[in-house]
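# Coordinate inspection notes
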Amino acid sequence: MSEKRERVLKAFKGEAVDRVPIGFWHHFTEESEWLEGFSNPKIIEKNLKGHKTFIKELDPDFVKLMSDGYFAYPNPVIGKGKTIQELGAIKPLGADHPWIQEQVDLVKKIKADFPEDIVAIYNIFAPITYLKWLVGKVAGGDDEIASYLAEDKATLKKVLDVIAQDIAALSKRIIQEAGADGIYLSVQSIQGGAVSVEDYQEIIAPSEVAVLEAANEVGGINILHICGYEGARNDIHIFADYPAQVFNWAVGPEGISLSEGREIFKGRTVLGGFENGKSGLLYTGSKEEIQAETKRLIVESGKEGLIIGADCTVPSDIAVERLQWVKEATL
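Keep in mind it's a predicted model, so treat the numbers as computed, not measured. (Residues numbered from 1 in each chain as written. Predicted model: local features only at pLDDT ≥ 70, side-chain atom pairs only at ≥ 80, totals over all residues. Heavy atoms only, no water.)

### Let's talk about the overall build of the protein chain
- Counting its regular elements, the protein chain contains 14 helices and eight strands.
- Against the globule reference of 20 Å for 331 residues, the protein chain gives a C-alpha radius of gyration of 19 Å, in line with a compact fold.
- Taking the principal axes of its C-alpha atoms as reference, the protein chain extends roughly 55 × 40 × 35 Å.
- Counting every position in the protein chain, which comprises 331 residues, the buried fraction comes to 59%.
- In the protein chain, of all internal contacts separated by at least 6 residues, the share reaching a separation of at least 24 is 77%.
- With the model as given, the accessible surface of the protein chain reaches about 13,200 Å², and the carbon-plus-sulfur share is 50%.
- Looking at the protein chain, you have 36 positive and 51 negative side-chain charges, and the mean spots of the two groups are 4 Å apart. (Helix = DSSP H or I, 4+ residues; strand = E, 2+ residues; numbered from the N terminus. Rg over C-alpha atoms; globule rule 2.2 N^0.38 Å. Buried < 20%, exposed > 50% of the residue type's maximum accessible area, 1.4 Å probe, protein only. Contact = heavy atoms within 4.5 Å. Areas by Shrake-Rupley, 256 points an atom, 1.4 Å probe, with all protein chains shown as cover. Lys, Arg positive; Asp, Glu negative; His and termini not counted. Charge placed at Lys NZ, Arg CZ, Asp CG, Glu CD.)

In structure tokens form, the structure reads like this:
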């Protein structure tokens, strides 16, 4: 086992490390391509080349493998259904579906280009996210989900449980066959305030927990990402008991520091600290400012059970040297 790999796995497990690892990532395709990569070699090749360049330039402690192109879960019932009753006819795609197989192949190809033995975590979305993107055409999906829940909770839960079967199968195959070390499961509260915490925990949470449990079953060491992308807000307490090993959320917008979050997540490892957007320190600050903030985060949170990173994906045009400055400050 390489020294880098050993360090990251220890950090994921909350064990003592010689230095705090860092973890940053960004998309390698355009937003318009995120839903369009299934059986689209041009987009997938763009994603593959992006990973290779990023790893070469940054020399990362570990890699989050981006699932760019596969954001659209291709279930035909969701593609045709408009009402919750129509969606209730959903059946699983099955573990051998091409959408799953292509992602297994993608991870194998990315890992084949690794210059060294490093931890690799694959990006996967919660069942509710795949659903809301399709029924709401990416924007507006939260309103649709709130409407479904108000109309027929039981059928919505059934739909999510079926999607979860496929995402669980994807997670297992990514780890067992493609060699990923785990998954990075992106979850998000339903925006707009129309869905209560109780309804989320009863109807939506079981499908998310099922995916994490599937990854755990096959030895995955997993990150739960509570997504604050483009200003989304979350009640991170909803996810306090999810069976993940590492937790990541929008520290600034949620007003919950890394050390406070570690308490919420029962002492498990936390990841983050920097705002990911173009107005944040990571994108705009000087080397001195970025390194001072890195050191402050380590002092505040302690070296154990900590990975320095960002709230979410950083801008694709960020200068790699800015991420290297963070790494330098942990040495």
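### Points about the pairing of strand 5 (residues 223-226)
- Going residue by residue along strand 5, you find Ile223 and His225 tucked away on one face and Leu224 and Ile226 tucked away on the opposite face as well.
- As paired elements, strand 4 (residues 182-187) and strand 5 share four bridges and run parallel to each other. Following the sheet pairing, leucine 185 is matched in strand 5 by leucine 224.
- As for the winding sense of the linkage, the β-α-β connection from strand 4 through helix 9 (residues 197-217) to strand 5 is right-handed. (Pairing = 2+ DSSP bridges. Right-handed = clockwise from strand over helix to strand, strands pointing away.)

### Digging into the sheet that holds strand 6 (residues 246-248)
- The sheet built from eight strands is open, its strands ordered 1-8-7-6-5-4-3-2 with parallel pairing. Of all strands in the sheet, those bounded by a partner on one side alone are strand 1 (22-23) and strand 2 (62-65).
- Sheet topology places strand 7 (residues 269-274) next to strand 8 (residues 306-310); five bridges connect them, and they run parallel. For phenylalanine 274, the partnering residue across the bridge sits in strand 8 and is alanine 310.

### Quick notes on the pattern of salt bridges
- Across all of its chains, the model carries 22 salt bridges by this definition.
- Across the salt bridge formed by arginine 5 and aspartate 117, the nearest N and O atoms sit 3.6 Å from each other. On the criterion of sequence distance, the pair formed by arginine 5 in helix 1 (residues 3-12) and aspartate 117 in the loop between helix 5 (98-112) and strand 3 (119-125) is long-range, its members being 112 residues apart.
- We classify arginine 5 as buried; its relative accessible area is 16%.
- A relative accessible area of 35% means that aspartate 117 is categorised as partly exposed.
- One salt bridge connects arginine 296 with glutamate 293, and the closest N-O pair in it is separated by 2.9 Å. Taken together, the positions of arginine 296 and glutamate 293, both in helix 13 (residues 287-301) and three residues apart, correspond to about one turn of that helix.
- A relative accessible area of 18% places glutamate 293 in the buried class.
- When salt bridges with common partners are traced through the structure, they connect Lys4, Asp59, Glu116 and Lys327 into a single cluster. (Salt bridge = Lys/Arg side-chain N within 4 Å of Asp/Glu carboxyl O.)

### Quick word on unusual backbone geometry
- In this structure, serine 39 takes a positive phi of about 60° despite not being glycine.
- With respect to the helices and strands, serine 39 occurs in the loop between strand 1 and helix 2 (41-58).
- With phi around 55°, aspartate 59 is a residue other than glycine that occupies positive phi space.

### Examining the packing of aromatic side chains
- All told, the structure shown has 17 aromatic pairs when counted by the stated rule.
- Ring geometry for phenylalanine 24 versus phenylalanine 274: centroids 6.5 Å apart, planes at 55°, classification tilted. Of this pair, phenylalanine 24 sits in the loop between strand 1 and helix 2 while phenylalanine 274 sits in strand 7, and the two are 250 residues apart along the sequence. One exposure class covers both phenylalanine 24 and phenylalanine 274, and it is buried.
- Between tryptophan 34 and phenylalanine 71, the ring centres sit 5.5 Å apart and the planes meet at 45°, which makes this aromatic pair tilted. Of this pair, tryptophan 34 sits in the loop between strand 1 and helix 2 while phenylalanine 71 is found in the loop between strand 2 and helix 3 (76-80), placing the two residues 37 residues apart along the sequence.
- On the basis of relative accessible area, tryptophan 34 is assigned to the buried category, the value being 11%.
- Aromatic ring contacts, followed pair by pair, group Trp34, Phe71, Tyr73, Trp99, Phe125, Tyr130 and Trp133 into a single cluster. (Phe/Tyr/Trp six-rings, centres within 6.5 Å; stacked < 30°, edge-to-face > 60°.)

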